[in-house]
Amino acid sequence: MSLVEFFSTDIDVIAKEPVIYRAEELLEMNAGDISMKIIGKNRSNRAMSFMDEVYPVGSDTGEEMLSHEGEEAGMVVAGVLELTVGHEVYHLSPGDSYYFESSRPHRFRNTGEEDCRLISCTTPANF
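Summarised in this report is the structure supplied together with it. (Residues numbered from 1 in each chain as written. Predicted model: local features only at pLDDT ≥ 70, side-chain atom pairs only at ≥ 80, totals over all residues. Heavy atoms only, no water.)

**Structural notes on the environment of Asn-126**
Relative to the helices and strands, Asn-126 is located in the segment after strand S9 (116–123). Classification of Asn-126 by relative accessible area gives partly exposed; the value is 38%. Between the C-alpha atom of Asn-126 and that of Ser-49, which follows or precedes it by 77 residues, the distance is 6.6 Å. Within the structure, the side chain of Asn-126 is placed 3.4 Å from the side chain of His-68, a separation counted as a polar contact. (Helix = DSSP H or I, 4+ residues; strand = E, 2+ residues; numbered from the N terminus. Buried < 20%, exposed > 50% of the residue type's maximum accessible area, 1.4 Å probe, protein only. Polar contact = N/O pair within 3.5 Å; in protein donor to acceptor, adjacent residues only side chain to side chain.)

In structure tokens form, the structure reads like this:
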């Protein structure tokens, strides 16, 4: 196998991966009441988890704070979200966003009267 053939094999694999993911193709995962639709779940060598999350009224990620390697970012699309990072508590409304090191203890909670929807991303791809 020549070097050109060897490297073109990698290019062929990348070129065959989908670019578009239709709503009905998204992999849905649930963590309790929380729904997470993972975008691009089956991509090879995925470096991030990009998600559409829905937190029903009163739902949260649990009393125990989460902590793991990487970074997290997201934007509230609908409803309200209470985000705790370390000892700080933040209240986010539609259009508000966050970005923090995931090693900092954190928790998400819907304190509103309607479902909270957010678009988020984490690194590394741990979902």
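**Quick look at the nonpolar core**
Among the nonpolar cores identified, the biggest contains 15 residues, and Leu-81, Leu-83, Tyr-98 and Phe-108 are the most heavily contacted of them. Listing elements by their share of this core, those giving two or more residues are strand S2 (34–39), strand S3 (49–55), strand S5 (81–85), strand S7 (97–101) and S9. For Leu-83, the residues in contact, after removing those within four places along its chain, are Glu-88, Val-89, Tyr-90, Leu-92, Tyr-98, Phe-100, Arg-107 and Phe-108. (Core = buried A, V, L, I, M, F, W, Y, C linked by side-chain atoms within 4.5 Å. Contact = heavy atoms within 4.5 Å.)

**Re the sheet that holds S9**
By way of backbone hydrogen bonds, the strands of a sheet pair with one another, either parallel or antiparallel. One open sheet accounts for six strands, arranged S1-S2-S3-S9-S4-S7; its pairing is antiparallel. In this open sheet, the two edge strands, each paired with only one partner strand, are strand S1 (27–31) and S7. Ignoring strand direction, the axes of neighbouring strands in this sheet form an average angle of 25°. Both strand S4 (residues 71–78) and S9 contribute to a ladder of seven bridges, which runs antiparallel. Residue Gly-74 lies in a different strand from S9, and its bridge partner there is Ser-120. (Pairing = 2+ DSSP bridges. Axes fitted to C-alpha atoms, helices over the stretch in contact; angles between N-to-C directions.)

**Some thoughts on the pattern of salt bridges**
Tallied over the entire structure, the rule returns four salt bridges. For Glu-17, the salt bridge identified is with Arg-43, shortest N-O distance 3.0 Å. Of this pair, Glu-17 sits in the loop between helix H1 (3–16) and S1 while Arg-43 sits in the loop between S2 and S3, and the two are 26 residues apart along the sequence. For Arg-117, the salt bridge is made with Asp-52, and the minimal N-O distance between the two is 2.7 Å. (Salt bridge = Lys/Arg side-chain N within 4 Å of Asp/Glu carboxyl O.)

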